[in-house]
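Each chain, written out:
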Amino acid sequence: HGATPSATTYAYALLPGWGRQDTAAYAAAPPFQIVENSGEAQAVVDASLKLRAVSFWNDAVKTAAGVTSDKVASVLVQESNGTLSAAIADPTQANTGAIRIEIDRAAAAVVEQDATVTVEQLEPSIRLLVNVRNARGKTHRARFELKITP
C-alpha cells in the first residue's frame, strides 16, 4: 500500500510461525471471505467454521455480515450444532454505556448469557443490549438455541 496510502484499503491474515510455502498456499485459497473493509466496518466470514467477525469503527448504526451495531464494537458470531454464540467487546474501553447488537438469525431460547447481556428479542432476529460500563474491554457472551425453520 506504500508509505503514505490514500483512499485505499488492504487486508491481511496473521499466520504466526507459518513457513513460506504454507503462507503461499493459504494466500492462494484463503478460507475466509472479506465482506466489508471500510472506514465504517471490517467484516470477514469463514463459512467452514460458520464464523462471522466484525469490527465496527463508529458510534452509528451499521450492518455488516448480518450483524448490526449502534456503537464501536468487536463482535464474533459462531454457529455450531444448532446453537449460536455471540461475543461482544468495546475495543476502545471508553464506552460508558451500552452497545445494541442485532444478529440476523432467530433463536428459540437463550442457553446462557453473561449478567451484562440483556436479550431484547429472539425473533425474527436476535437483539442484545450489552452493558460495557467499566468493562475495560472485557468480552461479553451469550449463547442461543437456534430456531429451526421449516
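What counts and how
- Here the residue index of a chain counts from 1 through its sequence in written order.
- With pLDDT at 70 or above as the cut-off, local features in this predicted model cover only qualifying residues; side-chain atom pairs require 80 or more to be listed or tallied, and sums for whole chains, interfaces and linings still use all residues.
- Values reported for side chains reflect all heavy atoms of the structure, with hydrogen atoms and water molecules removed beforehand.
- Here a strand pair is declared whenever DSSP counts at least two bridges between the two strands.
- A run of DSSP states H or I qualifies as a helix once it reaches four residues; a run of E qualifies as a strand once it reaches two. Both are numbered from the N-terminal end.
- The rule is short: rings of Phe, Tyr and Trp, with Trp giving its six-membered ring, pair when the centres are within 6.5 Å, and they are stacked under 30 degrees, edge-to-face over 60, tilted in between.
- Three labels apply to residues, based on accessible area from a 1.4 Å probe with only protein chains included: buried if under 20% of the type maximum, exposed if over 50%, partly exposed otherwise in between.
- Between two residues, a contact is recorded if the distance between any of their heavy atoms is within 4.5 Å.
- To count toward a patch, a residue needs a relative accessible area above 30% and no salt bridge. Like charges then connect within 9 Å, nonpolar side chains (Val, Leu, Ile, Met, Phe, Trp, Tyr) within 5 Å.
- Each accessible area is a Shrake-Rupley estimate made with a 1.4 Å probe; only the visible protein chains count as cover when residues are assessed.
- A carboxyl oxygen of Asp or Glu within 4 Å of a side-chain nitrogen of Lys or Arg is what we treat as a salt bridge.

Where strand 1 (residues 33-37) lies against strand 2 (residues 41-46), 4 bridges are found, and the strand directions are antiparallel. When the bridges of strand 2 are listed, isoleucine 34 appears paired with valine 44. Between strand 1 and strand 2, which pair antiparallel one after the other, the connecting turn spans 3 residues. Where strand 2 and strand 3 (residues 51-56) come together, 6 bridges link them in antiparallel fashion. Bridge pairing links glutamine 42 to serine 55 in strand 3. Between strand 2 and strand 3, which follow one another and run antiparallel, lie 4 residues, and lysine 50 among them has a positive phi close to 50 degrees.

Moving on, we come to the packing of aromatic side chains. Aromatic ring pairs are reported here in terms of the distance separating the ring centres and the angle at which the planes meet. Counted according to the given criterion, the structure contains 2 aromatic pairs. Measuring from ring centre to ring centre gives 5.3 Å for tryptophan 18 and tyrosine 26, while their planes differ by 85 degrees; the resulting arrangement is edge-to-face. A centroid spacing of 6.3 Å and a plane angle of 45 degrees characterise the contact between tyrosine 26 and phenylalanine 32, whose relative ring orientation is tilted. Residue phenylalanine 32 is classed as partly exposed on the basis of its relative accessible area of 24%. The structure contains a cluster of three or more aromatic residues connected by ring pairs, namely Trp18, Tyr26 and Phe32.

It is worth spelling out the environment of valine 75 at this point. Positionally, valine 75 belongs in strand 6 (residues 73-80). Between the alpha carbons of valine 75 and alanine 64 there is a distance of 11 Å; along the sequence they are 11 residues apart. Once residues within four sequence positions are removed from consideration, valine 75 is found in contact with Arg52, Ala53, Val54, Phe56, Val67, Ala87, Ile88 and Ile101.

In the segment running from glutamate 123 into proline 124, the intervening peptide bond is cis, with an omega of 5 degrees. On the secondary structure map, proline 124 appears in the loop between strand 10 (117-121) and strand 11 (126-131). Positive phi outside glycine occurs at glutamine 93, with the angle close to 60 degrees. For glutamine 93, the location among the structural elements is in the loop between strand 7 (83-89) and strand 8 (98-103). Phi angles above zero are rare outside glycine, and asparagine 134 is one such case at about 60 degrees. Looking at the secondary structure, you find asparagine 134 in the loop between strand 11 and strand 12 (140-146).

Now for a nonpolar patch on the surface. On the surface, a cluster of nonpolar side chains totalling about 410 Å² of accessible area is made up of Tyr10, Tyr12 and Leu14. Topologically, tyrosine 10 is positioned in the segment before helix 1 (20-28). Using a relative accessible area of 45% as the deciding quantity, one classes tyrosine 10 as partly exposed.

To continue, consider the pairing of strand 10. Bridge count for strand 10 against strand 11 is 4 bridges, and the pairing is antiparallel. By the bridge assignment for strand 11, valine 117 is matched with valine 130. What sits between the antiparallel neighbours strand 10 and strand 11 is a turn of 4 residues.

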